[in-house]
Amino acid sequence: MPGSSASAKLKKDVDNRLKGGVTIIVLGASGDLAKKKTFPALYALFQNKFLPYKTQIVGYARSKMDCAEFYKRVSSHLKSDDPENDQQIKDFLSICHYVEGQYDQEEYWQKLNTFVTELEDKQSLKKEQKNRIFYMALPPSVFVPVASGLRKYVYGKEAATTIVIEKPFGKDLESCNALLEDIKQLFKEEEVYRIDHYLGKELAKNIMSVRFANMIFSPLWTATHIDSVQITLKEPFGTEGRGGYFNEFGIIRDVMQNHLLQLLSLVAMERPISRDAEAIRDEKVKVLRCVKPITLEDSLLGQYVKNGNKPGYLDDESVPKDSLCATFAALVLWVDNERWANVPFILKAGKALDNAKVDIRIQFKKLPGSLFCKVPRNELVFRLQPGEAMYMKFNNKSPGFPDETMITELDLTYKNRYKNLNIPEAYETLILDVMRGDHSNFVRDDELGAAWRIFTPLLHQIEHDKIKPEPYAYGSRGPNSLDDFVKRYGVERLAHENYQWPLQRLED
C-alpha cells in the first residue's frame, strides 16, 4: 500500500517514545469538541493501529452519566470500516472509560489518579510504559485550575507526561502572558502541546515541501515576483446558538490571530536550518516578529444581518442587541523584512458568507512589457478545504485556430490524483505527533507572544473606540466595500473569478 513504509516509521516513532503503553486522559470528555473531534481522531488512530498495544483512554468531565451514556456519546461520531459490522467500534469502546468529577476540588483529582493508577496496574505496565497524555478539550476559563489539579495529583512520575491545550490562548498579549506564566509554573515547555488544528491540515503541512523542496518556486518566493498574498476562511453559517460565546471573542480572536496567522507564518518564514521541530518554530517566530502591528486603516470589519429567512447576528437571543462584535474581518499585515517588503498579506475571515472554503492565494506581479499586456496575473493557490487541492494559474494559447491567450491551470486536486490514499483529519495527525513527541506542528510560548503583539493594539482600539462593523447580508461575500478595500492593495479579483475551464474530448 502507498505510504506503508512511512506509516511503519511513524508507528516505530510512537513505540520508541512510549514503549508500547500510554493512558490518554480527555478532560471535558462530555463536550462537543471531545465528541466531534478528539474521540473520532483517537478512534481513527486505533483503526490504523497507531495507538500503542497497551493504550487506555479515560474521559473526565463534570457531567453525571454512566458508562452506557458515555459510550453512546463517544460512538455517535465514529464510523466503522464495515458498516455491517461494528466490532471495531466495540473494540475501541472497550479501552474507553469515564470518570465524573469537578475541576476545582482535590478529592476528585485524587479519585482520577487512583483510577488511572489502577488501570496501569491491571495492564502490568512497566515503569517506562506509564506514559500519561492529558488532552484538555475545555473552555479557557478552566485551563489553569485543571492544569493545576493535574500537576499536583495526576502527574505521571515514572514516564513521559504530556499536556495538550486547545485554543484560545488568552484574549490579548497581557492575558496570554499571564496564561503562559501560569502553565509554566506547572509544566515544562517540552511537556506542553498547544494545538492549532490548522497546522494538522494536509495542505498546510505541504507548504514547506512546496517551498523548500522545489527549485522552481524558490527564486519566485520574494517581493520581486509576488504582488500580494490572500489567506481566506469562509463559513456559510452564522453563530447558530453560539452567539453568546462568540461575542466574547469575535472573528479576529476566533480564527485570525491563530489559524490564519499560522498559515501566514508558513508562507512567509525563511528556510529552517533543518526539519527539527525547534528549527521550524524558530523561523516562524522570527518572521512573526517582523510583522508590524495591524492598524485600523488596514482593517475592514463587518457584521452579518438578516437576509430573507436567515437571521442576523443580533437576532441571536444570547447576543446583546447593541453588540459591535465583528463576524467578518479583512486585515492587511506587512512583513517588514527584505523578502516581503511592500507585499500585503490580506487575511479575510467571516461567518454567514456565500460558501465554505479556506485557501491561500498567492498573486504574482504583472509581466512587464506590452506583448501580452492584458493577460491575467499568475496565481498559486493552496485550497485547504473543502477538497484539498493545489493549482497554478497561467496563460496559455487557446488551442486550435485562435492565437489569443487564455488562462488555464496546472491542477493538483487530491481526490483526483491520490484516489487510493486516505487523507487523515487534522486532529489525527496532531495527536499522533503528540505521541511521537514531535512539536513541529504545535505553537511555542514565544510564538504566542509574537502573534498577540501583532493583533493586540488593533483589538484594544476597536473595543475602546467602539468601532461599528459594516453590515452585510447573510449569504453574501461580505461587506459591500470589500472589493474596493482589497483593490487598494493591488489585488485583481477578475484574474481568478471570471474564467471557465474549457474541456475538450479527443477523438480516437
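Rules and cut-offs
Residues numbered from 1 in each chain as written. Predicted model: local features only at pLDDT ≥ 70, side-chain atom pairs only at ≥ 80, totals over all residues. Heavy atoms only, no water. Helix = DSSP H or I, 4+ residues; strand = E, 2+ residues; numbered from the N terminus. Buried < 20%, exposed > 50% of the residue type's maximum accessible area, 1.4 Å probe, protein only. Pairing = 2+ DSSP bridges. Axes fitted to C-alpha atoms, helices over the stretch in contact; angles between N-to-C directions. Contact = heavy atoms within 4.5 Å. UniProt positions renumbered as here; feature names shortened; annotations may be inferred. Parallel < 35°, antiparallel > 145°, perpendicular 65-115°, else oblique. Nonpolar A, V, L, I, M, F, W, Y, C, P; charged D, E, K, R; others polar.

Structural notes on unusual backbone geometry
Moving on, step 1. Lys167 connects to Pro168 through a cis peptide bond whose omega is 5°.
Moving on, step 2. The omega angle of the peptide bond from Gln385 to Pro386 is -5°, so this bond is cis rather than trans.
Moving on, step 3. Along the chain, the position of Pro386 falls in the loop between strand S12 (379–385) and strand S13 (389–397).
Moving on, step 4. The phi dihedral of Ser124 is positive, around 55°, even though this residue is not glycine.
Moving on, step 5. Within the fold, Ser124 resides in the loop between helix H5 (106–122) and strand S4 (132–136).
Moving on, step 6. Residue Ser124 is classed as exposed on the basis of its relative accessible area of 55%.
Moving on, step 7. We note that Lys466 has phi near 50°; this positive angle belongs to a residue other than glycine.
Moving on, step 8. Tracing the sequence through the fold places Lys466 in the loop between helix H13 (445–464) and strand S15 (470–473).

Points about the sheet that holds strand S5 (residues 161–166)
Moving on, step 1. Ordered in space as S3-S2-S1-S4-S5-S6, the 6 strands form an open sheet in which the pairing is parallel. The outermost strands of the open sheet, each flanked by one partner alone, are strand S3 (96–100) and strand S6 (192–195). Recorded for the sheet is a direction-independent mean angle of 20° between the axes of neighbouring strands.
Moving on, step 2. Here 4 bridges tie S5 to S6, and the two strands are oriented parallel to one another. Residue pairing in the sheet places Ile163 in a bridge with Val192 of S6.
Moving on, step 3. Running at roughly 165° to strand S2 (residues 54–61), H5 makes contact with strand S1 (21–27), S2, S3 and S4 of the sheet.

Here's the deal with the UniProt feature "domain: Glucose-6-phosphate dehydrogenase C-terminal" (unreviewed entry) in the protein
Moving on, step 1. As recorded in UniProt, the sites labelled "domain: Glucose-6-phosphate dehydrogenase C-terminal" (unreviewed entry) are residues 208–490.
Moving on, step 2. Helix makes up 30% of residues 208–490 and strand 24%, and the two end C-alpha atoms of the span are 26 Å apart.

Things to note about the environment of Met269
Moving on, step 1. Structurally, the position occupied by Met269 is in the loop between helix H9 (243–268) and helix H10 (277–289).
Moving on, step 2. Along the primary structure Met269 and Lys284 are separated by 15 residues, whereas in three dimensions their C-alpha atoms are 5.6 Å apart.
Moving on, step 3. If sequence neighbours within four positions are ignored, Met269 has contacts with Met208, Arg211, Phe212, Ile280, Glu283, Lys284 and Val287.

Concerning the packing of helix H8 (residues 202–212) against H9
Moving on, step 1. Where H8 meets H9, the axes come as close as 9 Å, and the angle between the chain directions of the two elements is 10°. By the angle between their directions, the pair H8 and H9 is classed as roughly parallel. Contacts from Ala204, Ile207, Met208 and Arg211 of H8 reach H9 at Leu263, Leu266, Val267 and Ala268.
Moving on, step 2. Among the residues making up the contact of H8 with H9, the classes are represented as 7 nonpolar, no polar and 1 charged.

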